[in-house]
Number of protein chains: 2
Amino acid sequence: MTVRTHTKTRAKGEAAFDEPAEEIDIGPLSRMIGYALRRAQIAVFEDFIASLAEVNLRPAQFSVLLVLDRAPGSTQSAVATALGIKRANFVAMLDELESRGLAERKLSVNDKRSNAIFLTVHGRKTLARARALALQHETRQIARLGDDGLDTLLRLLGRLSAR
Amino acid sequence: MTVRTHTKTRAKGEAAFDEPAEEIDIGPLSRMIGYALRRAQIAVFEDFIASLAEVNLRPAQFSVLLVLDRAPGSTQSAVATALGIKRANFVAMLDELESRGLAERKLSVNDKRSNAIFLTVHGRKTLARARALALQHETRQIARLGDDGLDTLLRLLGRLSAR
DNA sequence: TATTGTTATACTCTATAACTATA
DNA sequence: TATAGTTATAGAGTATAACAATA
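Everything quoted here is computed from the prediction, not taken from an experiment.

A. Fine view of the interface of chain A and chain B. On the chain B side, the residues contacting the 73 residues of chain A number 73 residues. Of the roughly 6,300 Å² buried between chain A and chain B, counting both surfaces, carbon and sulfur atoms make up 70%. Joining chain A to chain B, the criterion identifies 4 salt bridges. Across the pair Asp25 of chain B and Arg70 of chain A runs a salt bridge, and its minimum N-O distance is 3.0 Å. Here chain A is connected to chain B by 18 residue pairs in polar contact (both at pLDDT 80 or more). Elements with a minimum of two residues in the side of chain A that touches chain B: α1 (33-51), α2 (59-70), β1 (74-75), α3 (76-82), β3 (115-119), α5 (121-145) and α6 (149-161) of chain A. Broken down by element, the residue count for the side of chain A that touches chain B peaks at 13 residues, all from α1 of chain A. Of the residues that constitute the side of chain A that touches chain B, the class distribution is 40 nonpolar, 20 polar and 13 charged.

B. A look at the protein's contact with DNA strand D. Neighbouring residues of DNA strand D: 19 residues in total, closest Asn89 and Lys112 of chain A together with Gln76, Ser77 and Arg105 of chain B. If you look at DNA strand D and keep only atoms within 4 Å of the protein, 56% of those are sugar or phosphate atoms. Between DNA strand D and Asn89 of chain A, the relevant distance is 2.7 Å, taken from a base nitrogen to a side-chain nitrogen or oxygen of the residue. Separating a phosphate oxygen of DNA strand D from a backbone N or O atom of Ser77 of chain B is a distance of 2.6 Å. Only α4 (87-99) of chain A together with α3 (76-82) and α4 (87-99) of chain B provide two or more residues apiece to the surface near DNA strand D. The element best represented in the surface near DNA strand D is α4 of chain B, accounting for 3 residues. Its residues placed into classes, the surface near DNA strand D shows 3 nonpolar, 7 polar and 9 charged.

C. Region of the structure containing the relation of the copies chain A and chain B. The two copies are related by a screw operation: chain A maps onto chain B through 180° of rotation and 0.0 Å of translation along the axis, at an RMSD of 0.0 Å. What we have between these two chains is a two-fold relation. Both copies present the same face, since 100% of the interface residues in chain A are matched by interface residues at the equivalent positions in chain B.

D. Fine view of the protein's contact with DNA strand C. Taken together, the neighbourhood of DNA strand C is formed by 20 residues, with Gln76, Ser77 and Arg105 of chain A together with Asn89 and Lys112 of chain B sitting nearest. Here DNA strand C approaches the protein such that, of its atoms within 4 Å, sugar and phosphate make up 55%. Contacts to DNA strand C include Arg105 of chain A, whose side-chain N or O atom sits 2.9 Å from a phosphate oxygen. Broken down by class, the residue content of the surface near DNA strand C amounts to 3 nonpolar, 7 polar and 10 charged.

E. Region of interest: the packing of aromatic side chains. Enumeration over the complete set of coordinates arrives at 2 aromatic pairs over all chains. Between Lys106 of chain A and the ring centre of Phe118 of chain A, over which it is positioned, the NZ or CZ distance is 5.0 Å.

F. Representation of helix α2 (residues 59-70) of chain B within the structure. All names here are of chain B. Spanning 12 residues, α2 covers 17 Å between terminal C-alpha atoms, matching the ideal 16 Å at 1.5 Å per step. Of all 12 residues in α2, 9 are buried; the element is thus mostly enclosed. Along α2, the residues classified as buried are Pro59, Gln61, Phe62, Ser63, Val64, Leu65, Leu66, Val67 and Leu68. Packing partners of the buried residues in α2 comprise α1 (33-51), α3, α4, β2 (103-107), β3 (115-119) and α5 (121-145).

G. Quick look at the sheet that holds β1 of chain A. Residues and elements named next belong to chain A. The 3 strands lie next to each other as β1-β3-β2, forming an open sheet whose pairing is antiparallel. Where the open sheet ends on each side, the last strands, each with one partner, are β1 and β2 (103-107). One ladder, built from 5 bridges, connects β2 with β3; its direction is antiparallel. Paired with Glu104 across the two strands is Phe118, which belongs to β3. Of the strands in this sheet, β2 and β3 are in contact with α4, which crosses β2 at around 110°.

H. Geometry of the layout of surface pockets. Looking at the largest pocket, its volume works out to about 630 Å³. As for the largest pocket, its lining consists of 27 residues, of which Arg39 and Ile42 of chain A together with Gly84, Ser161 and Arg163 of chain B are closest to the centre. Ranked by residue count, the leading element in the lining of the largest pocket is α1 of chain A, at 8 residues. Class assignment of the residues belonging to the lining of the largest pocket gives a composition of 11 nonpolar, 7 polar and 9 charged.

I. Main features of the side chain of Thr120 of chain A. Residue and element names in this part refer to chain A. By secondary structure assignment, the location of Thr120 is in the loop between β3 and α5. A distance of 2.9 Å separates a polar side-chain atom of Thr120 from the backbone nitrogen of Gly123. Look past the residues within four positions of Thr120 in its chain and what remains in contact with it is Gly101, Leu102, Ala103 and Glu104.

J. Focus on unusual backbone geometry. All names here are of chain A. Despite not being glycine, Asn56 shows a phi value in the positive range, around 55°. Located in the positive-phi region is Asp148, a residue other than glycine, with phi close to 35°. Mapped onto the elements, Asp148 comes out in the loop between α5 and α6. Residue class for Asp148 comes out exposed when judged on its relative accessible area of 56%.

Definitions and limits used
- All residue numbers here refer to positions counted from 1 along the written sequence of the relevant chain.
- Lettering of chains starts at A and numbering of ligands starts at 1, both following the order in which they are written.
- Totals for whole chains, interfaces and linings use every residue, but because this is a predicted model, local features are given only for residues with pLDDT of at least 70 and side-chain atom pairs only at 80 or more, for both listing and counting.
- To get the side-chain values, take all heavy atoms of the structure and skip hydrogens and water.
- We call two residues in contact when some of their heavy atoms are within 4.5 Å.
- A simple way to read buried area is as the amount of 1.4 Å-probe accessible surface that goes missing from two parts once joined, with both sides added.
- Throughout this description, the term salt bridge denotes a Lys or Arg side-chain nitrogen within 4 Å of a carboxyl oxygen of Asp or Glu.
- What qualifies as a polar contact is a pair of N or O atoms within 3.5 Å, subject to a donor-acceptor requirement within protein and to the restriction that residues adjacent in sequence count only when both atoms come from side chains.
- Strands here are runs of E lasting at least two residues and helices are runs of H or I lasting at least four, both read from the DSSP assignment and numbered beginning at the N terminus.
- Charged means Asp, Glu, Lys or Arg here, nonpolar means Ala, Val, Leu, Ile, Met, Phe, Trp, Tyr, Cys or Pro, and polar covers whatever is left, Gly included.
- Being near a molecule or strand, for a residue, comes down to having at least one heavy atom within 4 Å of it.
- Least squares is used to superpose the copies, and the fit set is the C-alpha atoms of residues whose pLDDT is at least 70 in both copies.
- For Phe, Tyr and Trp, where Trp contributes only its six-membered ring, two rings pair if their centres lie within 6.5 Å, and the inter-plane angle classes them as stacked under 30 degrees, edge-to-face over 60, or tilted in between.
- Only when the NZ atom of a Lys or the CZ atom of an Arg is both within 6 Å of the ring centre and within 35 degrees of the ring normal do we say a charge sits over the ring.
- Multiplying one less than the number of residues by 1.5 Å gives the expected span of a helix.
- Throughout this description, buried means an accessible area under 20% of the type-specific maximum (1.4 Å probe, protein chains only), exposed means over 50%, and partly exposed covers the range between.
- At least two DSSP bridges between two strands are required for those strands to pair.
- In this analysis, axes come from line fits to C-alpha atoms, helices being fitted only over the stretch in contact, and the angle between any two N-to-C directions falls in the range 0 to 180 degrees.
- Here a cavity means grid points, on a 1 Å grid over the protein atoms only, where a 1.4 Å probe fits yet cannot get out; a pocket means an open set of points with protein on both sides within 12 Å along at least five of seven lines; lining residues are those with an atom within 4 Å of a point.
- Grid points are joined across faces, edges and corners, and a volume is the space filled by probe spheres set on the points.

As structure tokens, this is what we get:
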């Protein structure tokens, strides 16, 4: 698609204040870290979502299944906090995973306030398939980054995320 | 803050399937590109928003002012497309910038369907201050990245965003 | 008193369809 | 027919306050 700006019919080569070039060059914006990060994140998430379409898992849902597999029996608060999700917002997320038969809440016997969360058998099977798909996605991104681009990128991103 | 998971009172050193460690380690997630990108983007945007609090400009609003300064008289569609914003969503954004006296729509004489967008004098003054604040923010992020971290990061992010 | 899960709510961002006036 | 701006609307994602049950 071609991006055009406001333009008058005008003799060739002639310039005017209110008539920018046909396509807008965003200029210094493309060298700003936040902007570049946002564009890259959108592109990578798009590829991730398309890659996992078969299992219908969004990035956040996949991350929850991964954590539940690593730390089965965790409370909702623990999982939510580990992933940077507010516990209030985690309720609906878990509701959906549970309604899809991927995870389940079990009443805790020790602390009756909390639920212990587990993957179901179906959840584990789905996660296994999701992992394979995510690996393909990841491999594709790593290939784009080139030789030791991954380690370098993760190191730099870690410095920005710290604190 | 300490993240705790579901835990029973239990003799020291004893392990159990449904009792994960006190804090959940997200594990392989931290080495996934999309996840690392998201965390970094959130951290950088947070710093950006705090840095520009004085002028009350969000990242997207700042980017619009930057583009208008570079390409005054551009149409709404051109600006929106250049920044990856849907033109329908750009209407309310511009409404706010206009109501704050930062930008203005002018009826185009050549094509009466479109508006030519300009910064106001106040918009230019605000942008000048915003640029100074954004530069401080950017300098802080660059310092975190270390020696030639910026060029490396932008090169890698560009490879992920391509297409 | 503090915490867990929950509900209600609101605000931002994003996406699509459809209208109008112009081209 | 197609495009620019607009409206309406819906869906994610995220944030806060408050409540009941339990610690």
